[in-house]
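# Close look at the chain arrangement
Letter by letter, the chains look like this.
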Amino acid sequence: MTSDRDTLRALRFLDGLTDTAVHQLSKLVQPVDYECDALLFEEGQPRRLMALIASGAVAIEKGKNTRPVRLATLGAGEAVGEGLLLDDSIHGTSARALTNTRAYVLTKEQVQDMLKEVPTLYAALVGRAARAIKQRLSAVDATLVGRGRTLGFGGTHTRSEHDLLGDRDVPDDALYGIQTLRALENFPITGIALREFPDLIEALAAVKEAAAVANAELGLLPQATADVIVRAAAEIRAGRHHEHFLVDMIQGGAGTSTNMNVNEVIANRALELSGHSRGEYQFVHPNNHVNLSQSTNDVYPTAVKIALHTAIEDLREAMRQLVDAFLEKGKEFAPFLKMGRTQLQDAVPMTLGQEFAAFGHTIAEDVDRLGEAQALIREINMGATAIGTGLNAPQGYAETVRENLSRITGLDLITAPDLVEATADTGAFVQLSGVLKRCAVKLSKICNDLRLLSSGPRAGFGEINLPAMQPGSSIMPGKVNPVIPEVVNQVCFDVIGGDITVTMAAEAGQLQLNVFEPVIAFRLLSGLSAMRNACTVLRERCIVGITANPDRMRQFVEQSIGIVTALVPVIGYEASTEIARDALASGRGVFELVMERGLLTREQLDRALNPETMTGPASFPTPSRGTIAIGSAAPKR
């Protein structure tokens, strides 16, 4: 059984530490097991501990607009919270276990004791902490590719790699290789790198893991090679090494650069795991081993679909929560009578509660429409290889890789019945883009209504009050603008424009392959993410804080000519017509004229316009919280 001392000796953070120092450290640290999602420490809290990760993975996160943003992911052999060795400041980030994690913890009190009793050990750990922080800053620096940087990793140490076009020196700190290097030089387009889409990176790693297992099961790949590929892919799926995925999201080559980026990262990490150096591809090769039985043309669209499936579910959940917020407001505002409007003209009375419930119901419809699109993209073309003929893939590979990929992702994936058709077709992406546009159109319309209903506050409708988020003008004191609906409008405009991009890219495909899938993936993943964030921001920073102005709404009702429609059942059509005509001619209110002519008393008018009896609430099904199944025999597109 491995002792704590032996485990510590194997940790990369402690490389070079003497046996005596490791022994001294083992007497101080305590092993702690953290469950998945447990916090090791929290941003803004005093430094209490540092941890040496023995197994598992830990995310370093920073809060942004109440939501955590992942800055880095650390794994076995690395340290978190090592700033404890350097100063007493508060934590600038949080550390959260991504999987069940075991770590050796050193407390603040133990560090102080170490400084007094074993200063040489303390000095050695401080040096390693400085080295780790430098390496982490290098990884952060890599994210600047496309923003004035041509390479993801710098440094003077390089390794030579070879491809079809010749030899190039690759930064030795990089897990990627020569083909990624060329892509970084060829495609400095958007400055938005693959690493900014973790769902896609993890989906690509899942595909590579499933392929390695399938190839081993079919006897094409040695089990030892498959095992290290699986280990490397699993680390990536746990959030590690994402800083090495640096190719631009928009690229030529139908996604080949993205596929090679993941092939090279997995190959080099697998080499490390098997005791070899990066670039020693005779042992684990990006093409011969990691890409075995595959082509970009089946790997890339399959991974994009898996990533989209995750992103759709995230958006659906954000929309469900927004629906719930609108429906809660519908209940709160149920007693408040107001004028409904058509063509911006007075129509008939309704309640503010009905108006807000309708907002919720219209969004709820699209939760299910997204579920239908989500079901369609579970059909994949793995095993198709280059054009759908399955060239270079063995008999039975397509079904074997699908089974493994379903197991890894937890999705009920379906192999397309015609792989040639499926490799050329982008219909499922077009369908999803259309549904996403539908969501954007309807959400933008709701935001338009919110801005109109809150307009004024004195010279507009002023029926509701949106929560004040920030001063509205650099010149007009006291002005507050509806900035949250405005930003959601802009997200919706961008998504609507993105649908045109997806449509044109899908239409431009030729013969057996659509080479424009990178821009399709970029627009869909970006749009889903932006819409999810927009729904969350709209709910948290606008809808839940809206208040009503019932007196102003009642005033509009009593002054409106349209109120006579609600009085027809009580005073008759002819009398109502005369009241409407006289009110328009004189400028007087309908209530005033009705009571003056003795048609109804005030009490009778109030009863006639009671929100509880005037009209019944509309019923509507609860939006689906599950996923919609699709049969394997007859998939729809």
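Residues numbered from 1 in each chain as written. Predicted model: local features only at pLDDT ≥ 70, side-chain atom pairs only at ≥ 80, totals over all residues. Heavy atoms only, no water.

## Focus: the overall build of the protein
- Scanning the protein from N- to C-terminus turns up 22 helices and 16 strands.
- Along the three orthogonal principal directions, the C-alpha set of the protein runs to about 100 × 70 × 45 Å.
- Of all 637 residues assigned to the protein, the portion counted as buried reaches 51%.
- Intrachain contacts of the protein at a sequence separation of at least 6 include 74% that bridge at least 24 residues.
- Here the protein displays about 28,700 Å² of accessible surface, and carbon together with sulfur accounts for 53% of that area.
- Once the 62 positive and 75 negative side-chain charges of the protein are each reduced to a mean point, those two points are 4 Å apart. (Helix = DSSP H or I, 4+ residues; strand = E, 2+ residues; numbered from the N terminus. Buried < 20%, exposed > 50% of the residue type's maximum accessible area, 1.4 Å probe, protein only. Contact = heavy atoms within 4.5 Å. Areas by Shrake-Rupley, 256 points an atom, 1.4 Å probe, with all protein chains shown as cover. Lys, Arg positive; Asp, Glu negative; His and termini not counted. Charge placed at Lys NZ, Arg CZ, Asp CG, Glu CD.)

## With respect to the packing of aromatic side chains
- Counting across every chain of the model gives six aromatic pairs.
- Ring centres of F326 and F359 lie 5.6 Å apart, and the angle between their planes is 65 degrees; this geometry places the pair in the edge-to-face category. Taken together, the residues span a long stretch of sequence, with F326 in helix α10 (residues 296-332) and F359 in helix α11 (residues 352-376) at a distance of 33 residues. The burial state of F326 is the same as that of F359; both residues are buried.
- The cationic tip of R341 hangs over the ring face of F461; the distance from NZ or CZ to the ring centre is 4.1 Å. (Phe/Tyr/Trp six-rings, centres within 6.5 Å; stacked < 30°, edge-to-face > 60°. Lys NZ or Arg CZ within 6 Å of the ring centre and 35° of its normal.)

## Section: the pairing of strand β10 (residues 166-171)
- Pairing of strand β9 (residues 158-163) with β10, which is carried by six bridges, proceeds in the antiparallel orientation. Bridging from a neighbouring strand, T158 pairs with P171 of β10.
- The antiparallel pairing of β9 with β10 creates a hairpin that spans two residues between the two strands. (Pairing = 2+ DSSP bridges.)

## A short note on the nonpolar core
- Formed by 120 residues in total, the largest nonpolar core has its most connected members in L200, M531 and L538.
- Contact partners of L200, with chain neighbours within four places excluded, come to L194, M249, A303, V304, A307 and L525.
- Among the nonpolar cores identified, the runner-up in size contains 26 residues, and V29, M50, A79 and Y122 belong to it. (Core = buried A, V, L, I, M, F, W, Y, C linked by side-chain atoms within 4.5 Å.)

## A short note on the side chain of S576
- With respect to the secondary-structure elements, S576 resides in helix α19 (residues 573-586).
- Judged by relative accessible area, which is 4%, S576 ranks as buried.
- Discounting residues that sit within four places of it in the chain, S576 has contacts with V564, L567, V568 and I571.

## Topic: the pattern of salt bridges
- In this structure the tally under the stated criterion is 42 salt bridges.
- With its nearest N and O atoms 3.3 Å apart, the salt bridge here joins R240 to E78. Placement of the pair is R240 in the loop between α7 (223-237) and α8 (256-273) and E78 in the loop between β5 (67-75) and β6 (79-80), with a sequence separation of 162 residues.
- With a closest N to O distance of 2.6 Å, R402 and E399 form a salt bridge. Of this pair, R402 and E399 both sit in helix α12 (residues 397-409), three residues apart, which is roughly one turn of the helix.
- Residue classification places R402 among the buried positions, given a relative accessible area of 16%.
- Residue E399 is classed as partly exposed on the basis of its relative accessible area, which comes to 37%.
- Each of R12, E78, E235, R240, R269, E272 and R278 takes part in salt bridges that share partners, so that together they form one network. (Salt bridge = Lys/Arg side-chain N within 4 Å of Asp/Glu carboxyl O.)

## Quick word on the confidence of the model for the protein
- Per-chain confidence: the protein averages 87 in pLDDT, with 91% of residues scoring 70 or above.
- Confidence over residues 616-622 falls short of pLDDT 50; this stretch has five contacts with residues more than four positions distant or in other chains.
- Below pLDDT 50 for its whole length, residues 626-637 participates in 29 contacts with residues either more than four positions away or in separate chains. (pLDDT = per-residue confidence, 0-100.)

## Focus on the pairing of strand β11 (residues 337-342)
- Note: β11 against strand β12 (residues 345-351), five bridges, orientation antiparallel. Its bridge partner lying in β12, T342 is registered against Q345.
- What sits between the antiparallel neighbours β11 and β12 is a turn of two residues, in which Q343 has the positive phi angle 55 degrees.

## Considerations on the packing of helix α18 (residues 564-571) against α19
- Close contact between α18 and α19 brings their axes to 7 Å; oriented N to C, the two are set at 145 degrees. Once α18 is placed against α19, the crossing between them reads as right-handed. Taking contact as the criterion, the partners of V564, L567, V568 and I571 in α18 are, on α19, Y573, A575, S576, I579 and A580.
- Taken together, the residues that form the contact of α18 with α19 break down as eight nonpolar, one polar and no charged. (Axes fitted to C-alpha atoms, helices over the stretch in contact; angles between N-to-C directions. Left-handed = near helix turned anticlockwise from the far one by under 90°. Nonpolar A, V, L, I, M, F, W, Y, C, P; charged D, E, K, R; others polar.)

## Description of the environment of L337
- Structurally, L337 is set in strand β11.
- For the pair L337 and T351, spaced 14 residues apart in sequence, the C-alpha to C-alpha distance is 4.4 Å.

## A closer look at the sheet that holds strand β1 (residues 30-34)
- As summarised here, the arrangement of the four strands in space is β1-β8-β3-β6, forming an open sheet in which the pairing is antiparallel. Lying at the two open borders of the sheet, with one neighbouring strand each, are β1 and β6.
- Across two bridges, the pairing between strand β3 (residues 49-55) and β6 is antiparallel. Looking at the pairing, L52 lines up with A79 of β6.

## A short note on helix α17 (residues 550-559)
- Among all positions in α17, only M553, V557 and E558 are buried. What you see down the axis of α17 is that its buried residues fit within an arc of 135 degrees, all on one side.
- The secondary structure elements touched by the buried residues of α17 are β11, α11, β16 (547-548), α20 (590-596) and α21 (602-608). (Arc of directions from axis to C-beta.)

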